[in-house]
Number of protein chains: 2
Amino acid sequence: METVPARRGRAVRLSAGQAIRIVNTHGTQVVDTWAFNAADPGEFMSMPHLHASLGSVFPAKGDGLVSNRRRAILVLEEDTSPGRHDTVIAACDVHRYQSLGCSGYHDNCTDNLHAALALIGFPATGCPAPLNLWMNIPIAADGRVAWGEPLSSPGDFVILRAQIDCVVVLSACPQDMIPINGKDCIPVEVHFEILD
Amino acid sequence: METVPARRGRAVRLSAGQAIRIVNTHGTQVVDTWAFNAADPGEFMSMPHLHASLGSVFPAKGDGLVSNRRRAILVLEEDTSPGRHDTVIAACDVHRYQSLGCSGYHDNCTDNLHAALALIGFPATGCPAPLNLWMNIPIAADGRVAWGEPLSSPGDFVILRAQIDCVVVLSACPQDMIPINGKDCIPVEVHFEILD
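Everything numeric in this text was worked out from a predicted model, so none of it was measured.

(A) Region of interest: the interface of chain B and chain A. Contacts between chain B and chain A engage 28 residues on the former and 28 residues on the latter. Of the roughly 2200 Å² buried between chain B and chain A on both sides combined, carbon and sulfur atoms contribute 58%. Our count for the contact surface shared by chain B and chain A stands at two salt bridges. Asp93(A) serves as the salt-bridge partner of Arg70(B), at 2.7 Å between the closest nitrogen and oxygen. Where chain B packs against chain A, one counts 16 residue pairs in polar contact (both at pLDDT 80 or more). Those elements giving two or more residues to the side of chain B that touches chain A turn out to be helix 1 (47-54) and helix 2 (94-99) of chain B. Partitioning the side of chain B that touches chain A into residue classes produces 14 nonpolar, seven polar and seven charged.

(B) Representation of the pairing of strand 7 (residues 72-79) of chain B within the structure. All names here are of chain B. As paired elements, strand 6 (residues 64-66) and strand 7 share three bridges and run antiparallel to each other. Its bridge partner being in strand 7, Val-66 is matched across the sheet by Ala-72. Between strand 6 and strand 7, which follow one another and run antiparallel, lie five residues, and Arg-70 among them has a positive phi close to 60 degrees.

(C) Geometry of the confidence of the model for chain A. When pLDDT is averaged along chain A, the result is 97, and 100% of the positions lie at 70 or above. Confidence estimates for the predicted assembly give a pTM of 0.97 and an ipTM of 0.97.

(D) The arrangement of the relation of the copies chain B and chain A in detail. Superposition record for chain B on chain A: RMSD 0.0 Å, screw rotation 180 degrees, translation along axis 0.0 Å. Both copies are brought into coincidence by an operation consistent with a two-fold rotation axis. When the interface residues of chain B are mapped onto chain A, 100% of them again lie at the interface, so the same face is used by both copies.

(E) Examining the pairing of strand 5 (residues 40-44) of chain B more closely. Residue and element names in this part refer to chain B. Relative to strand 5, strand 4 (residues 31-37) is paired through two bridges, and the arrangement is antiparallel. Across the sheet, Phe-36 pairs through a bridge with Phe-44, a residue of strand 5. What sits between strand 4 and strand 5 in their antiparallel hairpin is a turn of two residues.

(F) The arrangement of the state of the cysteines in detail. All names here are of chain A. In total, this model carries zero disulfides over all chains according to the counting rule given. The structure places no disulfide on Cys-102, whose sulfur is separated from the nearest cysteine sulfur, that of Cys-92, by 11 Å. Judged by relative accessible area, which is 17%, Cys-102 ranks as buried. Free cysteine: Cys-166, not disulfide-bonded; nearest cysteine sulfur from Cys-127 at 17 Å. With a relative accessible area of 1%, Cys-166 lands in the buried category.

(G) Looking closely at the sheet that holds strand 7 of chain B. Residue and element names in this part refer to chain B. Strand order in this open sheet of six strands is 1-11-3-9-7-6, and the pairing throughout is antiparallel. The outermost strands of the open sheet, each flanked by one partner alone, are strand 1 (2-4) and strand 6. Across the sheet, the mean angle from the axis of one strand to that of its neighbour is 30 degrees, orientation sign disregarded. In this structure, strand 1 lies alongside strand 11 (residues 190-195), joined through three bridges in antiparallel fashion. By the bridge assignment for strand 11, Val-4 is matched with Val-190.

(H) Expanded view of helix 1 of chain B. Where burial is concerned, most of helix 1 of chain B is hidden: six out of the eight residues are buried. Along helix 1 of chain B, the residues that are buried comprise Met47(B), Pro48(B), His49(B), Leu50(B), His51(B) and Ala52(B). Check the buried side of helix 1 of chain B and you find it contacts helix 2 (94-99) of chain A together with strand 6 and strand 8 (131-133) of chain B. Just beyond helix 1 of chain B, the residue with positive phi is Gly55(B), at close to 65 degrees.

Rules behind the numbers
Residues numbered from 1 in each chain as written. Chains lettered and ligands numbered in written order. Predicted model: local features only at pLDDT ≥ 70, side-chain atom pairs only at ≥ 80, totals over all residues. Heavy atoms only, no water. Contact = heavy atoms within 4.5 Å. Buried area = accessible area lost by both parts, 1.4 Å probe. Salt bridge = Lys/Arg side-chain N within 4 Å of Asp/Glu carboxyl O. Polar contact = N/O pair within 3.5 Å; in protein donor to acceptor, adjacent residues only side chain to side chain. Helix = DSSP H or I, 4+ residues; strand = E, 2+ residues; numbered from the N terminus. Nonpolar A, V, L, I, M, F, W, Y, C, P; charged D, E, K, R; others polar. Pairing = 2+ DSSP bridges. pLDDT = per-residue confidence, 0-100. Least-squares fit on C-alpha atoms with pLDDT ≥ 70 in both. Disulfide = S-S within 2.5 Å. Buried < 20%, exposed > 50% of the residue type's maximum accessible area, 1.4 Å probe, protein only. Axes fitted to C-alpha atoms, helices over the stretch in contact; angles between N-to-C directions.

Here you go:
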């Protein structure tokens, strides 16, 4: 098992047919997740397109996770958690923490994405809306969103199976100012492994 | 008043302080709407960032519509309609119509965006998730989305006030295979004017 350290990101390459098992080791950690076509950084997993293809904002076990070209780039093959993963909230960034009152630099998922991609030499720019694994954002009928705590348990995992050669990026979200990473607001590490 | 013809797009430049009044002339037409920083196509109105800034998926009168740098690029200054505008569904594209069973080319909002931008020589690429004016997409507690008919009436309008120099793009959505543009599935024209 490999580690995504608390507050950091990791990018990995998957060949079509391989999968990544992502483990919420402590049960409280949100993992912002992206996928890019390995042959074309202009194609990436896209939440607004996913909403149309699923007819839902909550992907479930067995669902194809589509790209901005509306084909499945990953499949959510297994999910041992209650299935609450956010798809409507942007990755955090320096501006987000400034708006919450942070005056200095704060680790953030957007910078983690770009740092992780740079490390493997993958030329994607921009920051697509991520699949926020275990981030619990209920949406009320009037449209209001709530910043809930994860419903997952220690050891819960998801398996994402690559449908094409792709780059998957994980960021152990550094959010410690609101309780999306649990009521203690302490970001922690998660683990993953590649499955053939 | 200027016209966005049925199934087509238009791009206009707004200086900071100017506004655009967009009129749902027949009351049934969805208008996919984008905004880009005129000085930097890498900054654009972003729905995933808006959800975090508003704490809601439904923007209301007075709300700032933020960019991917989390500052207001437009303000929703007036809205005479019931306020149901979608922010979670991607712009339609050729792939969407193929998935609905269309075998040939179908007009679509993604191509309308790029054609409209090309006409004014603005170099934005990609297709950010649009603000889908009057598109009525209820989200149930279990996450399911419904493809509703607009709740607006003929002549309903919104006013969007530019907070920075920007390019605003409108697409009169060509969707005629599901009833988001009214139960008759007939896309029609809308109108707009620039206000100082």
